[in-house]
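One letter stands for each residue in the lines below.
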Amino acid sequence: SSQSEVEETLKRIQSHKGVIGTIVVNAEGIPIRTTLDNSTTVQYAGLLHQLTMKARSTVRDIDPQNDLTFLRIRSKKHEIMVAPGKFALLLSLLFFVIYLLNPDI
Amino acid sequence: MEIVYVYTKKRSEFGRQCNFSDRSAELHVDILPDPSQMDNYIERNPCDTPTQCAQEMSEHEVNTECFQTETRGINHVEGGWPKDVNPQEMEQTIRYRKKVEKDENYVNTVLQLGSLMEHCIKQNNAIDIYQQYFEEEEEVSVGDEVQPSAKTINVFRDPNEIKRTATGLSWHPDGAKKLAVAYSSLEFQRATKDMCFDSYIWDIDTPYIILTENPDKPEMTLKPVSPLVCLEYNPKDSHVLIGGCYNGQIAYWDTRKGSQPVEMSSIEHSHRDPVYKVIWLQSKTGTDYFSASTDGQVLWWDIRKMSEPTEKLILDTSKKGNLDNALGAISLEFETTMPTKFMVGTEQGQVVSCNRKAKTPAEKIVCTYSGHHGPIYALQRNPFFPKNFLTVADWTARIWSEEIKESSIMWTKYHMAYLTDGCWSPVRPAVFFTTRMDGTLDVWDFLFKQNDPTLSLKVCDESLYSLRVQDNGRFLACGSQLGTTTLLEISPELCTLQRNEKALASAMFERETKREKILEARHREMRLKERSRSEQGKEEEAKDEDTEESSEDLVVRAEKEFFEVVEFELKKREREEEKSQSKADKVRVGYREKDKLIKHSTGNIALQKCVVYSLITGIVNYQ
């Protein structure tokens, strides 16, 4: 069933090398699925939500036909990857993955 | 479905029906025009009436009360749960989440985004897109054509009204975030009663804006009993500083204990003249230092016992320990890699090299190097080649080799202004800095250019008195006569070690040393020949007893000759002028000739002057 597919997808992503955490957030900022603790999740959700909106509006301002497909934020320690859901009238799902670069294993 | 409301009222309740009837017109009022009223009015002809086809607008002003705004942030702690879900209750939140997960939209979105996300993750895993290529290779400096430069980062001014000279500078040993500056007035009897004695420690990160608004904001003040001429941080303990005072005493501070000195050396055993330099020694306890002053003594002290020096050396080159004969010391040099040797730069222009570990005081003074005409304000060994040292005095800076005692191996040209301080760059063996009395800072790169400084910067209008480079070679501080300390940053070309620089510098120093050695050998030969010839000549001279002219006669004769030459040249010029004036059509040629003549004649005069001067000095030396 589709439910199990979703489960499988999320599990697969989490199991990739270098992935620290996965968060699935909905429009209201409620984390639906997360592998991190709540406070971190909420912090990421709140901050990245705004940034994604800004990024998307920037892309649309430059070219209205264009749209944001993916957002990568690369920092010294990590990389945050944001896949925004289809932006309908209301904002729908965001999907975050936090990815570790240069893992010190 | 239509919404209908039925409202009923009886006809009889409405009131009587209106009945209209016709009526003929009636005249109520008739006001006729009154011609007599015309006299009250003046006819205006023509009338100017402007027309404007614009919107009619009106203007309004509103002034509201000032509205105070404040910007605040919100720390979002919990997600935006809908009203009916209580975030504290686990059951409700779980139920809500499950509901969302069942939503069709959710499933589709997650599957789609999931594949997109996986793609990117796999990209990341496949190759490191920010990999540094060619990390091991050194960056080839593109800036060969780039001009070296220096930039003023910060300026610290003396906050007192009566400005004193910044005579000593010392960088903080750890990280060099602080700069200690010693202020005093070195001009003879110029210090007024109101002059402040304090010296300051500045934090170099103080933003320039704060300094200009609140210029008297040093990080710490040091209050000695007499103005400090020099100041040094202890390289082992960054809280301890020693300062040499104008009255010959030495004081030491601990910055944790406040502005007053912790202890001062006793007056009876201190120097009798201002202490021009103090240097910390390398010892196990880290409490030893030595000081030099123009009273001719070099004293060794221990911080723990400041009542009297542990050792004393009198700079008497005749090695008799005679204080009257002693040379006044103005600068000291000590290299921690050679702890038994040290050098002293004197007021008389000689550098005295000493050995601390000699058995007798006479053996302490090993040798002297002479060649300067004035007091040696700076003396420093090259950090890469300790056998070579730099001296800064009179109008030149000279580089010496320890082996050659008669003269320096390399020197700069004679400048127009006195040189006041200098030091080597700690990172590049052939680069050194000098400051001048006209406020210029020179950066010399001897491998690149020897005739002129590589970079010459006018730091301020008054003379610069002191200079210190930070250990990373990037920042330097220079202090001026009005107490302004300027912090400069040098461009990277001047503070990164170039390829082969050490080898080239070493080759250069060796080459110059060899040249001087050869010259010295030649001079010795010539002197020997002269001596043997004069021995023969003396026998002949004994025959004709020519009375030796006394030195005064010689001087008078030289003066007379000089003035004769000058007069001759002047007369010649007058003659030429008359000639050129008469030849009106050949004016231009005449001028050119006159110019040539003037040049020639001034050249002649200069030459004559040199000859006479050397004659006079020769006579003086002979005496």
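Up top you'll find the structure we're talking about.
Residues numbered from 1 in each chain as written. Chains lettered and ligands numbered in written order. Predicted model: local features only at pLDDT ≥ 70, side-chain atom pairs only at ≥ 80, totals over all residues. Heavy atoms only, no water.

Student: I would appreciate a short explanation of the overall build of chain A in the present structure.
Tutor: Helix and strand counts for chain A stand at two helices and five strands. Looking at chain A residue by residue over its 105 residues, the buried ones come to 41%. When contacts within chain A are restricted to residue pairs at least 6 apart in sequence, those whose partners lie at least 24 apart make up 38%. (Helix = DSSP H or I, 4+ residues; strand = E, 2+ residues; numbered from the N terminus. Buried < 20%, exposed > 50% of the residue type's maximum accessible area, 1.4 Å probe, protein only. Contact = heavy atoms within 4.5 Å.)

Student: Would you mind going over the overall build of chain B with me for this structure?
Tutor: The secondary structure content of chain B amounts to seven helices and 28 strands. Considering chain B as a whole, with its 623 residues, one finds that 39% of them fall into the buried category. Looking at chain B alone, contacts between residues at least 24 apart form 51% of all its contacts between residues at least 6 apart. Total accessible area on chain B stands at roughly 40,800 Å², and carbon and sulfur atoms take up 51% of it. (Areas by Shrake-Rupley, 256 points an atom, 1.4 Å probe, with all protein chains shown as cover.)

Student: I would appreciate a short explanation of the packing of aromatic side chains in the present structure.
Tutor: Centre-to-centre distance and the angle between the planes together describe a pair of aromatic rings. Residues and elements named next belong to chain B. Per the stated rule, a full pass over the model turns up 20 aromatic pairs over all chains. Arranged with centres 5.6 Å apart and planes meeting at 65°, the rings of Tyr 183 and Tyr 200 form a pair that is edge-to-face. Residue Tyr 183 is found in strand 3 (residues 178–184), and its partner Tyr 200 is found in strand 4 (residues 199–203); the two are separated by 17 residues along the sequence. Judged on exposure class, the residue Tyr 183 and its partner Tyr 200 are both buried. Ring centres of Tyr 377 and Tyr 418 lie 6.5 Å apart, and the angle between their planes is 70°; this geometry places the pair in the edge-to-face category. With a gap of 41 residues between them, Tyr 377 in strand 18 (residues 376–381) and Tyr 418 in the loop between strand 21 (410–411) and strand 22 (419–424) connect regions that are remote in the sequence. We classify Tyr 377 as partly exposed; its relative accessible area is 33%. Each member of the aromatic cluster is reached from another via a ring pair, and the members are Phe 385, Trp 424, Phe 432, Trp 444, Phe 446 and Phe 509. (Phe/Tyr/Trp six-rings, centres within 6.5 Å; stacked < 30°, edge-to-face > 60°.)

Student: Mind showing me how you'd approach the sheet that holds strand 23 (residues 431–436) of chain B here?
Tutor: Backbone hydrogen bonds hold the strands of a sheet together, and the pairing may be parallel or antiparallel. Residue and element names in this part refer to chain B. Within the open sheet, the four strands sit side by side as 22-23-24-25. Their pairing is antiparallel. In the strand order of this sheet, the two ends are held by strand 22 and strand 25 (455–458), each with one partner. Across the sheet, the mean angle from the axis of one strand to that of its neighbour is 15°, orientation sign disregarded. Where strand 23 and strand 24 (residues 440–445) come together, five bridges link them in antiparallel fashion. By the bridge assignment for strand 24, Phe 433 is matched with Val 443. (Pairing = 2+ DSSP bridges. Axes fitted to C-alpha atoms, helices over the stretch in contact; angles between N-to-C directions.)

Student: What's the story with the interface of chain B and chain A in this structure? I'm lost.
Tutor: By a widespread convention, an interface's size corresponds to the accessible area lost as its parts come together. Across the boundary between the two partners, chain B contributes 32 residues, which contact 38 residues of chain A. Between chain B and chain A, a total of about 3,100 Å² is buried, with carbon and sulfur atoms accounting for 62% of that surface. Where Arg 33 of chain A meets Glu 101 of chain B, a salt bridge forms, and the shortest distance between an N and an O atom there is 3.5 Å. One can count eight residue pairs in polar contact (both at pLDDT 80 or more) joining chain B with chain A. When residues of the side of chain B that touches chain A are assigned to their parent elements, the largest contribution, 17 residues, is made by helix 2 (residues 104–126) of chain B. Classifying every residue of the side of chain B that touches chain A gives 16 nonpolar, nine polar and seven charged. (Buried area = accessible area lost by both parts, 1.4 Å probe. Salt bridge = Lys/Arg side-chain N within 4 Å of Asp/Glu carboxyl O. Polar contact = N/O pair within 3.5 Å; in protein donor to acceptor, adjacent residues only side chain to side chain. Nonpolar A, V, L, I, M, F, W, Y, C, P; charged D, E, K, R; others polar.)

Student: In this structure, what is going on with the pattern of salt bridges? I would like to understand it.
Tutor: Pairing is possible between side chains of opposite charge, provided their charged atoms come close. The tally for this structure, following the rule as stated, stands at 37 salt bridges over all chains. Across the pair Glu 7 of chain A and Lys 11 of chain A runs a salt bridge, and its minimum N-O distance is 3.8 Å. Of this pair, Glu 7 of chain A and Lys 11 of chain A both sit in helix 1 (residues 2–15), four residues apart, roughly one helical turn. The salt bridge involving Arg 522 of chain B is made with Glu 525 of chain B; its shortest N-O contact spans 3.9 Å. Highlighted residues: Arg 522 of chain B and Glu 525 of chain B, both in helix 5 (residues 501–541), separated by three residues, approximately one helical turn. For Arg 522 of chain B, a relative accessible area of 44% puts it in the partly exposed group. Residues participating in the shared-partner salt-bridge network are Glu 333, Lys 341, Arg 381, Lys 387 and Glu 402 of chain B.

Student: Before we go on, may I ask you to explain the packing of helix 1 of chain A against helix 2 of chain B in this structure?
Tutor: Packed helices, taken two at a time, are described by their axes: the angle between them and the distance between them. Viewed as axis vectors pointing N to C, helix 1 of chain A and helix 2 of chain B meet at an angle of 25°, and their least axial separation amounts to 10 Å. Judged on the interaxial angle alone, helix 2 of chain B and helix 1 of chain A are roughly parallel. Handedness of the helix 1 of chain A/helix 2 of chain B crossing: left-handed. Where helix 1 of chain A abuts helix 2 of chain B, its residues Ser 2, Glu 5, Val 6, Thr 9, Leu 10, Arg 12 and Ile 13 of chain A lie against Tyr 106, Val 107, Val 110, Leu 111, Gly 114, Met 117, Glu 118 and Ile 121 of chain B. A per-class count over the contact of helix 1 of chain A with helix 2 of chain B returns nine nonpolar, three polar and three charged. (Parallel < 35°, antiparallel > 145°, perpendicular 65-115°, else oblique. Left-handed = near helix turned anticlockwise from the far one by under 90°.)

Student: How do you make sense of the side chain of Glu 333 of chain B when you look at a structure like this?
Tutor: All names here are of chain B. Counting through the fold element by element, Glu 333 comes out in strand 14 (residues 329–334). Overall, Glu 333 belongs to the buried group, its relative accessible area being 3%. A distance of 3.2 Å separates a polar atom in the side chain of Glu 333 from a polar atom in the side chain of Arg 381. Excluding anything up to four places from it in sequence, Glu 333 contacts Ile 279, Phe 290, Phe 342, Met 343, Leu 379, Gln 380 and Arg 381.

Student: It is not clear to me how the nonpolar core should be interpreted in this structure. Could you clarify?
Tutor: One recurring pattern in soluble globular proteins: nonpolar side chains tend to sit buried together. Residues and elements named next belong to chain B. Ranked by size, the top nonpolar core spans 18 residues in total, and within it Leu 390, Ile 399, Met 410, Phe 432, Phe 446 and Phe 509 carry the most contacts. Element by element, the count of residues in this core is highest for helix 5, at three residues. The contact partners of Met 410, leaving out residues within four places of it in the chain, are Ala 397, Arg 398, Ile 399, Phe 446, Gln 450, Met 508, Phe 509 and Glu 512. (Core = buried A, V, L, I, M, F, W, Y, C linked by side-chain atoms within 4.5 Å.)

Student: What is the right way to look at helix 2 (residues 38–62) of chain A in this model?
Tutor: Residues spaced three or four apart along an α-helix point in a common direction, a consequence of the helix completing one turn every 3.6 residues. Compared with the 36 Å implied by 1.5 Å per residue over 25 residues, the 36 Å span of helix 2 of chain A between its first and last C-alpha is a close match. All of the buried residues in helix 2 of chain A are Thr 41, Val 42, Ala 45, Leu 48, Thr 52, Ala 55 and Arg 56 of chain A. (Expected span 1.5 Å × (residues − 1).)

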